[in-house]
Amino acid sequence: MNVSKKLYAYYLIWPALLIYSIFFVLPALAGLYYSFTDWRLDRDTIKFIGWDNFERIFTDRTLLLAIKNTAIFAVVTVIGKNLLGIALAVGLNMRLKTRNLLRAVFYSPSILSVLVISIVFTPMLRSDGTINRIFEAVGLSSLSQAWLTNPAIVIWTVAAVSIWQHTGFQMAIYLAGLQSISKEYYEAATIDGAGSWRSFRSITLPLLLPAININLMLTLIGGLKVFSEVFVLTGGGPGNASQVVGTIILRSFGEGSWGLGTAVNTLLFAAVTIIAIPLLIFMRRKEVSE
Amino acid sequence: MSFTRKMAWRNYLVEGFLILASLLIILPLLIMLFGSFMTSSEVLRFSLRLPQQWQFSNYTEVFREGGLGRAFLNGMLITSVSSILNIFTSSAASFILVRRETKMSGFLYMFFFMGLIAPMSTITTIRVVQWMGFYGSITSVILIYASLNTAFSVFLYSGFIRSIPKALDEVAFLEGANTFGVFFRIVTPLIVPVNATVAIMVFMSVWNDITIPLYFLTDSSDWTMPLSVYNFYGKYSRDWNLIFADLVLTSLPVLILYIFCQKYIVSGLTAGAVKG
């Protein structure tokens, strides 16, 4: 043990540790401090003001709406990306002739920039856009909507675009998980007379658990950090109807109210950590038991 | 016999349904692609049809007006340097983290792992970079990308290096090699596939990102392609044919990378996500 400590010299960790600490950890810690100050771009002095920023966040209607929207976006995309991702993966794990082509098609949007997809969808989501025209053509004009300008649904629209783009990525992780399940289990189950739904529930789902865990965590954390989709599709509008935490931080940055902006970021940090840590502990426990 | 026939029917049904569903993915992308070759009035219907006349000139015009040559080079510089930097630092760190089985290395692994979860603190990062005196520079953006991707890369490398038998390094140590030598001569050749995965993942996420350039690149001559496209989108909001051509151009590098490196993406996802 002692010998191995000497052999594996610590200095190989330093470059990564330094870059990561200076540009990621240090700002995070500094943010924790500045959340409790009245730090503004246009003022020289920075005063400690206790919980004032947080009080303001929880009494300001726009900021509250941004928090609510972030939560809606995260929940909707977690459910959508994972349910559809599992369904696609199970389908594309079957012996289909066009299997490889279909896998590539479903995966393809997730390699493109969120910017590209958001801009492509902008004209299609207008009230005279492609999507409403399709609804009208098939006699479903009652479903027509002002997708991006109706405050009541705009955050759902943004979530739908995100699901459209990234479900393929979740599908790929689920496919990798499915391929690590031995075929023998299914053969045994078939001999025992289990139908496909029964096999799915008793074999596929439990053995897919590592992939489900990692996907839940990735989609949840990604959902809470949402920024680019909203920034490009709506800019937070109409009015402030689709503001999320990420766009509020940009706005505070632009307005120079940096203390408030970092406080919003600190809240996001706290929310993500509180939700992700139990998932993490659960995953590590699984690893140990394996 | 009847059983396999039933299976075959079910497969056809699933296949038919998935092909229909895939149209939902293909159609918007084709609207963009075909639209990029249309005239500015023809494109405004935003429906799926072939251009009456293929306007290849859209692409040359976008390249000139959007200043894309410069943005392309900026993007290439930023993505390649931050990927290479990230590969070197993360793989070296993971090697030690995995091999030294001490409390400290366990703690440091969690310390890095937190980076997968915690959101970046943008405003204070700007402050740190300002304080160090290079806010607004390409160098700052490269270092920030390298740091943002450290957590994910350490996660991938650790999983993989753990599967390399320790006996291999021990032999080398007995022959008198030092840590540095063992890492470069024994471990580095073995982790080439992970290097490829990390390179591709970092390349794709950095190339596609608009957030960091938006906050950190104050001078538009340093912008990467997607940010230039965003700027162009604001200015030429009526010429959708040019906007679409712009979008296609900024997507080309990742598409080409994807086509050539598919197997590394899949193997990386398997190693990192499912086994790790």
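Reading guide: rules and limits
- Residues numbered from 1 in each chain as written.
- Chains lettered and ligands numbered in written order.
- Predicted model: local features only at pLDDT ≥ 70, side-chain atom pairs only at ≥ 80, totals over all residues.
- Heavy atoms only, no water.
- Helix = DSSP H or I, 4+ residues; strand = E, 2+ residues; numbered from the N terminus.
- Rg over C-alpha atoms; globule rule 2.2 N^0.38 Å.
- Buried < 20%, exposed > 50% of the residue type's maximum accessible area, 1.4 Å probe, protein only.
- Contact = heavy atoms within 4.5 Å.
- Core = buried A, V, L, I, M, F, W, Y, C linked by side-chain atoms within 4.5 Å.
- Patch = residues over 30% accessible without salt bridge, like charges linked within 9 Å, V, L, I, M, F, W, Y side chains within 5 Å.
- Areas by Shrake-Rupley, 256 points an atom, 1.4 Å probe, with all protein chains shown as cover.
- Salt bridge = Lys/Arg side-chain N within 4 Å of Asp/Glu carboxyl O.
- Polar contact = N/O pair within 3.5 Å; in protein donor to acceptor, adjacent residues only side chain to side chain.
- pLDDT = per-residue confidence, 0-100.
- Axes fitted to C-alpha atoms, helices over the stretch in contact; angles between N-to-C directions.
- Parallel < 35°, antiparallel > 145°, perpendicular 65-115°, else oblique.
- Left-handed = near helix turned anticlockwise from the far one by under 90°.
- Nonpolar A, V, L, I, M, F, W, Y, C, P; charged D, E, K, R; others polar.
- Phe/Tyr/Trp six-rings, centres within 6.5 Å; stacked < 30°, edge-to-face > 60°.

### Comments concerning the overall build of chain B
For chain B, the count of helices and strands is 13 helices and 0 strands. Along chain B, helices (α) and strands (β) appear in the sequence α-α-α-α-α-α-α-α-α-α-α-α-α when read from the amino end. Taken against the 2.2 N^0.38 rule, which gives 19 Å for 276 residues, the C-alpha radius of gyration of chain B at 24 Å runs more than 25% over that of a compact globule. Based on the C-alpha atoms only, the size of chain B along its principal axes is roughly 75 × 70 × 30 Å. Within chain B, the fraction of its 276 residues that count as buried is 54%. Long-range pairs, those at least 24 residues apart, make up 74% of the contacts in chain B between residues at least 6 apart in sequence.

### Considerations on helix α6 (residues 138-148) of chain B
Here α6 of chain B lies mainly inside the structure; 9 of its 11 residues are buried. Its buried side turned inward, α6 of chain B meets α2 (14-34) of chain A together with α3 (68-99), α5 (122-132), α7 (150-162), α10 (192-208) and α11 (211-216) of chain B.

### Observations concerning the nonpolar core
Counting 176 residues, the largest nonpolar core has Ile119 of chain A together with Phe95, Phe216 and Leu247 of chain B as its most contacted members. In terms of residues, this core owes the most to one element, helix α8 (residues 154-179) of chain A, which gives 13 residues. In this structure Phe216 of chain B touches Met120, Thr122, Thr125, Ile126, Val129, Tyr135, Gly136, Ser137, Val141 and Ile144 of chain B, once residues within four positions along its chain are discounted.

### Notes on a nonpolar patch on the surface
Residues Tyr11, Trp14 and Leu18 of chain A together with Ile84, Phe88, Phe180 and Phe184 of chain B make up a contiguous nonpolar surface patch of about 720 Å² in total accessible area. Topologically, Phe88 of chain B is positioned in helix α3.

### Considering α5 of chain B
All buried positions along α5 of chain B are accounted for by Thr122, Ile123, Thr124, Thr125, Ile126, Val128 and Val129 of chain B. With its phi angle positive at about 90°, Gly133 of chain B sits one or two positions after the end of α5 of chain B.

### With respect to the pattern of salt bridges
Within the structure shown, the criterion is met by 9 salt bridges over all chains. With its nearest N and O atoms 3.9 Å apart, the salt bridge here joins Arg49 of chain B to Glu42 of chain B. The exposure class of Arg49 of chain B is partly exposed, given its relative accessible area of 27%. Take Glu42 of chain B: its relative accessible area is 10%, and that puts it in the buried class. What emerges from the salt-bridge pattern is a single network uniting Asp38, Arg43 and Lys47 of chain A.

### Observations concerning the interface of chain A and chain B
Residue-level contacts link 92 residues of chain A with 97 residues of chain B. Taken together, the links from chain A to chain B amount to 0 salt bridges. Linking chain A to chain B there are 20 residue pairs in polar contact (both at pLDDT 80 or more). With 16 residues, α2 of chain A is the largest single contributor of residues to the side of chain A that touches chain B.

### Brief notes about the side chain of Thr150 of chain B
Position of Thr150 of chain B among the secondary structure elements: in helix α7. For Thr150 of chain B, the residues in contact, after removing those within four places along its chain, are Ala16 and Tyr20 of chain A together with Asn86, Ser90 and Phe112 of chain B.

### Some details on unusual backbone geometry
Residues Gly237 of chain A and Pro238 of chain A are joined by a peptide bond in cis, for which omega reads 0°. Relative to the helices and strands, Pro238 of chain A resides in the loop between α12 (228-233) and α13 (245-255). Here Phe46 of chain B, not a glycine, exhibits a phi torsion of approximately 50°, which is positive. Summarising the element assignment, Phe46 of chain B is placed in the loop between α1 (2-35) and α2 (57-65). Residue Phe46 of chain B is classed as buried on the basis of its relative accessible area, which comes to 4%.

### Let's talk about the confidence of the model for chain B
All names here are of chain B. Model confidence for chain B is summarised by a mean pLDDT of 89, while 95% of its residues fall at 70 or above. Per-element averaging of pLDDT across chain B places helix α13 (residues 240-275) at the bottom with 82 and α6 at the top with 96. Our summary of model confidence lists the complex with pTM equal to 0.92 and ipTM equal to 0.90.

### Some words on the packing of α3 of chain B against α7 of chain B
Residue and element names in this part refer to chain B. Direction vectors running N to C along α3 and α7 enclose 50°, while the axes themselves pass 8 Å from each other. The angle between the axes of α3 and α7 places the two elements in the oblique class. Along this stretch, α3 crosses α7, giving a crossing that reads as right-handed. Mapping the contact onto sequence places Asn86, Ile87, Ser90, Ser91, Ser94, Phe95, Leu97, Val98 and Arg99 in α3 and Thr150, Ser153, Val154, Tyr157, Ser158, Ile161 and Arg162 in α7. Counted by class, the contact of α3 with α7 contains 7 nonpolar, 7 polar and 2 charged residues.

### Observations concerning the packing of helix α4 (residues 61-92) of chain A against helix α11 (residues 209-224) of chain A
Residue and element names in this part refer to chain A. Between α4 and α11, the least distance of the axes is 8 Å, while the angle of their chain directions is 150°. Here α11 runs roughly antiparallel to α4, going by the angle between their axes. Seen along the crossing, α4 lies across α11 with a hand that is right-handed. Contact with α4, carried on its side by Thr70, Phe73, Ala74, Thr77, Val78, Lys81, Asn82 and Ile86, involves Ile212, Asn215, Leu216, Thr219, Leu220, Gly223 and Leu224 of α11 and no other residues of that element. Per-class residue counts for the contact of α4 with α11 are 8 nonpolar, 6 polar and 1 charged.

### What to know about the environment of Phe37 of chain B
Residues and elements named next belong to chain B. Within the element layout of this structure, Phe37 appears in the loop between α1 and α2. Distance in space between the C-alpha atoms of Phe37 and Trp54 is 5.1 Å, their sequence separation being 17 residues. For Phe37, the residues in contact, after removing those within four places along its chain, are Pro51, Gln53, Trp54, Gln55, Phe56, Asn58 and Tyr59.

### Remarks on the packing of aromatic side chains
Residue and element names in this part refer to chain B. Across all of its chains, the model carries 45 aromatic pairs over all chains by this definition. Ring plane angle 90° and centroid distance 6.2 Å describe the contact between Phe34 and Trp54, whose orientation is recorded as edge-to-face. Here Phe34 is found in helix α1, whereas its partner Trp54 is found in the loop between α1 and α2, with 20 residues between them in sequence. Judged by relative accessible area, Trp54 falls into the partly exposed class, the value being 42%.

### Considering the environment of Arg49 of chain B
Residue and element names in this part refer to chain B. Mapped onto the fold, Arg49 is located in the loop between α1 and α2. In sequence terms Arg49 and Leu97 are 48 residues apart; their C-alpha atoms lie 55 Å from each other. Leaving out residues up to four positions away in the same chain, Arg49 has contacts with Phe34, Met38 and Glu42.

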